[in-house]
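One-letter residues, chain by chain:
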Amino acid sequence: MDKADRLARLYQQLEDAAANLPLSSQASDIVPGEGNADAGVMLIGEAPGYHEHVQRRPFVGKSGQFLRQTLEEVGYPPASVYISNIVKARPPGNRDPAPAEIEAYKPFLDREIETIKPLLIVTLGRYSMAKFLSDVKISQVHGRLHKVVWKDDIRFVLPMFHPAAGLRSSQVKDQFTTDFRRLGEIVGWIEQNKDRYQLHQHIENVLL
Ligand code: URA
């Protein structure tokens, strides 16, 4: 079974579990991840909003359009990457996801990551950043490449601002775009250097 098949099976299991998961009561409440199952870059957002819920696709509302347009501009068209969320159903009124909701969807997100095995995980906003990096502020670490040990494996994680924050502040918008313009350089660096890193090696976690 290839990666796309394994992801399709995972989403079927998620839909089957919809009635027992928070924020969802039926299969159609689930917003699956989408994109290239063989992608080197996986982006993880927070939670679906109204438009994502209706279309059952991640990042298709206003902030999603900004994200997708930025990806296009920096040479990573949305179809070439994989885009998913921490929670897979819409919190009412677009409120922040609660810890128990994040926990309930965690096994599914973890299996997505383990299936795709991306070269680079791009976190969008604080909630997905907190999955990999603790005790950091997004304003201090955005756009910096981090090496983390996750599930006994080395992962390269690039925390980015959430695109919605970019739509609220022109300063964050500029920073968001500037950070994304380095995506190609960062992916290239990982491709060249990843084999230098070994598990439990005591080296600086911030790499670039
Ligand atoms: N914001 C997110 O974090 N995810 C989406 O899918 C849409 C908006």
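First, a word on scope: everything that follows refers to the structure included in this document. (Residues numbered from 1 in each chain as written. Predicted model: local features only at pLDDT ≥ 70, side-chain atom pairs only at ≥ 80, totals over all residues. Heavy atoms only, no water.)

### What to know about the overall build of the protein chain
Thinking step 1. Broken down by element type, the protein chain carries 9 helices and 6 strands.
Thinking step 2. Over its C-alpha atoms the protein chain spans a radius of gyration of 16 Å, differing by no more than 12% from the 17 Å that the globule rule assigns to 208 residues.
Thinking step 3. Oriented by its inertia axes, the alpha-carbon framework of the protein chain measures out at about 45 × 40 × 30 Å.
Thinking step 4. Residue pairs in contact within the protein chain that sit at least 24 positions apart in sequence constitute 71% of those at least 6 positions apart.
Thinking step 5. As presented, the protein chain carries roughly 10,100 Å² of accessible surface, and 46% of it is formed by carbon and sulfur atoms. (Helix = DSSP H or I, 4+ residues; strand = E, 2+ residues; numbered from the N terminus. Rg over C-alpha atoms; globule rule 2.2 N^0.38 Å. Contact = heavy atoms within 4.5 Å. Areas by Shrake-Rupley, 256 points an atom, 1.4 Å probe, with all protein chains shown as cover.)

### Re the site of the ligand
Thinking step 1. Taken together, the residues surrounding the ligand are G45, E46, A47, P48, E52, P58, F59, S63, N85 and H162.
Thinking step 2. At 2.8 Å, a side-chain N or O of N85 approaches a nitrogen atom of the ligand.
Thinking step 3. Coverage of the ligand by the protein chains reaches 92% of its 230 Å² of free accessible surface.
Thinking step 4. Split into classes, the residues belonging to the shell around the ligand amount to 4 nonpolar, 4 polar and 2 charged. (Near = heavy atom within 4 Å. Polar contact = N/O pair within 3.5 Å; in protein donor to acceptor, adjacent residues only side chain to side chain. Nonpolar A, V, L, I, M, F, W, Y, C, P; charged D, E, K, R; others polar.)

### Notes on the packing of helix α1 (residues 3–16) against helix α4 (residues 99–116)
When two helices pack together, their arrangement is captured by the angle between the axes and the distance separating the axes.
Thinking step 1. Look at α1 against α4: their axes get within 10 Å of each other, and the N-to-C directions meet at 175 degrees. Overall, the two elements α1 and α4 adopt an arrangement that is roughly antiparallel. In contact with K3, R6, L7, L10, Y11, Q13 and L14 of α1, α4 contributes Y105, F108, R111, E112, E114, T115 and I116. (Axes fitted to C-alpha atoms, helices over the stretch in contact; angles between N-to-C directions. Parallel < 35°, antiparallel > 145°, perpendicular 65-115°, else oblique.)

### Here we look at a positive patch on the surface
Thinking step 1. On the surface, a cluster of positive charge is made up of R6, R9, R111 and K117.
Thinking step 2. Note that R9 resides in helix α1. (Patch = residues over 30% accessible without salt bridge, like charges linked within 9 Å, V, L, I, M, F, W, Y side chains within 5 Å. Salt bridge = Lys/Arg side-chain N within 4 Å of Asp/Glu carboxyl O. Lys, Arg positive; Asp, Glu negative; His and termini not counted. Charge placed at Lys NZ, Arg CZ, Asp CG, Glu CD.)

### Re the sheet that holds strand β4 (residues 120–124)
Thinking step 1. In space, the 6 strands of this open sheet follow the order β1-β3-β2-β4-β6-β5, with mixed pairing throughout. A strand with exactly one partner marks an edge of an open sheet, and here the two such strands are β1 (34–35) and β5 (146–150).
Thinking step 2. Pairing between β4 and strand β6 (residues 153–160): 4 bridges, direction parallel. What sits directly across from V122, in β6, is L158.
Thinking step 3. Running over the sheet, α4 touches β2 (41–45), β3 (82–85), β4 and β5 and is turned about 170 degrees from β2.
Thinking step 4. The sheet contacts of helix α8 (residues 170–181) involve β2, β4 and β6, and relative to β4 the element is tilted by about 175 degrees. (Pairing = 2+ DSSP bridges.)

### Focus on the pairing of β5
Thinking step 1. Buried residues dominate β5, accounting for 4 of its 5 residues.
Thinking step 2. Pairing of β5 with β6 involves 5 bridges; the strand directions are antiparallel. Paired with V149 across the strands is I154, a residue of β6.
Thinking step 3. Connecting β5 to the next strand, β6, in antiparallel fashion are 2 residues, including K151 with a positive phi near 50 degrees. (Buried < 20%, exposed > 50% of the residue type's maximum accessible area, 1.4 Å probe, protein only.)

### Topic: unusual backbone geometry
Thinking step 1. In this structure, F59 is a non-glycine residue whose phi angle is positive, near 50 degrees.
Thinking step 2. By the element assignment, F59 lies in the loop between α2 (50–55) and α3 (62–73).
Thinking step 3. On the basis of relative accessibility, which here comes to 5%, the residue F59 falls in the buried class.
Thinking step 4. Backbone geometry at D152 places phi at a positive 60 degrees, although glycine is not the residue there.
Thinking step 5. Topologically, D152 is positioned in the loop between β5 and β6.
Thinking step 6. The class for D152 is exposed, based on a relative accessible area of 60%.

### Considerations on the pattern of salt bridges
Thinking step 1. Per the stated rule, a full pass over the model turns up 12 salt bridges.
Thinking step 2. Its salt-bridge partner being E112, residue K88 comes within 2.6 Å of it at the nearest N-O pair. Of this pair, K88 sits in the loop between β3 and α4 while E112 sits in helix α4, and the two are 24 residues apart along the sequence.
Thinking step 3. A salt bridge links D110 to K106, with the nearest nitrogen and oxygen atoms 3.0 Å apart. With D110 and K106 both in helix α4 and 4 residues apart, this pair spans about one turn of that helix.
Thinking step 4. Classification of D110 by relative accessible area gives buried; the value is 3%.
Thinking step 5. On the basis of relative accessible area, K106 is assigned to the partly exposed category, the value being 33%.
Thinking step 6. If you follow the salt bridges from partner to partner, you end up with K106, D110, E114, K131 and K151 in one network.

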